[in-house]
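# Structure assessment
In case you want the letters, here they are:
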Amino acid sequence: MGRHRRPGGGAVMASLARAETRERFAGRAAVVATMHGKERSLALPLGVALGVSLRATSDLDTDVLGTFSGEVPRPGSPAEIVVRKARLGLELEGATLAFASEASFGPHPSAPFSLVHQELLACVDLEQGIEVVEPVVTVDTNFASVTVADVGALADRPHGRPSFLERAHFPSHALIVMPSVGRRIAPVKGIRDDASLARAVAAAACASEDHLARVETDMRAHLNPMRRRVIRRLGLRLARRLLTACPDCSAPGWGAVAVSYGLPCRVCGTPTAQPRALILRCPRCDAQEERPREDGLVAASPGECPVCNP
Ligand SMILES: [Zn+2]
Ligand SMILES: [Zn+2]
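Read on for an overview of the structure. Keep in mind the model is a prediction, meaning the values are calculated, not measured. (Residues numbered from 1 in each chain as written. Chains lettered and ligands numbered in written order. Predicted model: local features only at pLDDT ≥ 70, side-chain atom pairs only at ≥ 80, totals over all residues. Heavy atoms only, no water.)

Time to look at a nonpolar patch on the surface. On the surface, a cluster of nonpolar side chains totalling about 310 Å² of accessible area is made up of Val12, Met13 and Leu16. Its location among the elements puts leucine 16 in helix H1 (residues 9-22). (Patch = residues over 30% accessible without salt bridge, like charges linked within 9 Å, V, L, I, M, F, W, Y side chains within 5 Å. Areas by Shrake-Rupley, 256 points an atom, 1.4 Å probe, with all protein chains shown as cover. Salt bridge = Lys/Arg side-chain N within 4 Å of Asp/Glu carboxyl O. Helix = DSSP H or I, 4+ residues; strand = E, 2+ residues; numbered from the N terminus.)

Quick look at the structure:
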């Protein structure tokens with residue numbers, strides 16, 4: 001995405017450096033901390049690009065780290081949780097290389113009516129002494145929830161707009177049903193057929209103090225092809241990053257970790273809220289680099305300036 005090939009000798013040197021970095025992974029066994037078949041989504045991007053063989057943890061209760069439907073609260077930031085999950089995989093399997101992914105869903109920062117899916121993919125490599133977390137944010141998600149009195153309401157098309165079931169991509173993507181108020185019965189997860197859905201909605205509405213059922217998309221990877229697609233894409237990005245060596249210590253995993261804001265106003269030079277540069281960092285040593293914007297923009301329009309356009 002938007003990467004420029006370095007011309008001539010630069011490209012050759014870069015691919016040599018990549019081949020050298022790949023040697024640090026090729027032939028190694030890696031564990032994916034998952035109960036939801038993520039090793040299958042990652043087999044192609046990580047297995048092929050890095051030459052590692054992936055297996056899932058045989059006995060991992062990732063629910064102890066928190067669940068999507070909220071029965072167990074999730075302590076720590078998503079980045080902390082995803083690294084903890086990968087480390088859990090290392091401990092359980094006695095491996096030296098582990099991957100784990102973690103999703104969160106919420107309102108779009110600049111478009112409050114649309115929802116975004118943020119997925120993080122972590123790599124912990126004890127041999128190289130690195131922890132790398134690669135993020136992706138996308139609106140390509142079916143994440144949604146609704147409260148209904150009966151199952152028929154899920155197929156309603158308000159003003160001709162798609163119904164909840166259509167937006168949720170049911171039944172190729174699973175649903176979760178629970179009482180809207182109170183916890184008299186447990187959530188029913190992984191629903192993928194009409195009969196089970198009708199049964200679960202009726203039972204949940206009956207058990208709820210307000211006689212309504214809450215229906216949510218089930219975002220677990222094995223039940224959500226859209227999320228699996230995002231995980232595959234993210235696997236490619238992580239592989240590319242792991243193949244990039246630190247210019248100082250040559251550790252794998254050199255890459256962007258933050259955006260630096262404050263692009264100066266073209267007229268008066270005051271820093272604005274616009275991005276100025278990317279911060280690239282090594283996961284092992286202190287090496288850091290500020291890379292100017294890829295679009296070459298070095299100044300912001302005075303319209304963005306707090307002084308020129310207060
Ligand atoms: Zn370094
Ligand atoms: Zn200005």
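In this section: the sheet that holds strand E9 (residues 213-217). Read from one edge to the other, the open sheet built from 4 strands follows the order E6-E9-E7-E8, with strand pairing classed as antiparallel. Strand pairing shows two members of the sheet lacking a second neighbour, strand E6 (145-148) and strand E8 (188-191), which therefore form its edges. For this sheet, the mean angle separating the axes of adjacent strands, direction not counted, is 20°. Inspection of the sheet shows strand E7 (residues 175-179) paired to E9 by 5 bridges, in the antiparallel sense. Paired with proline 179 across the strands is alanine 213, a residue of E9. Docked against the sheet, helix H5 (residues 194-207) engages E6, E7, E8 and E9, running at close to 20° with respect to E7. (Pairing = 2+ DSSP bridges. Axes fitted to C-alpha atoms, helices over the stretch in contact; angles between N-to-C directions. Contact = heavy atoms within 4.5 Å.)

Protein ligation of the zinc ion (ligand 2) involves Cys265 (SG), Cys268 (SG), Cys305 (SG) and Cys308 (SG), the donor distances falling in the range 2.2 to 2.4 Å. Along the chain, the residues donating to the zinc ion (ligand 2) are arranged with the sequence spacing C-x2-C-x36-C-x2-C. Taken together, the residues cysteine 268 in the loop between strand E10 (255-261) and strand E11 (275-281) and cysteine 305 in the segment after strand E12 (288-292) connect sequence positions 37 residues apart. For cysteine 268, a relative accessible area of 37% puts it in the partly exposed group. Residue cysteine 305 is classed as buried on the basis of its relative accessible area, which comes to 1%. (Donors = N, O, S within 2.8 Å, 3.2 Å for Na, K, Ca; no water. Buried < 20%, exposed > 50% of the residue type's maximum accessible area, 1.4 Å probe, protein only.)

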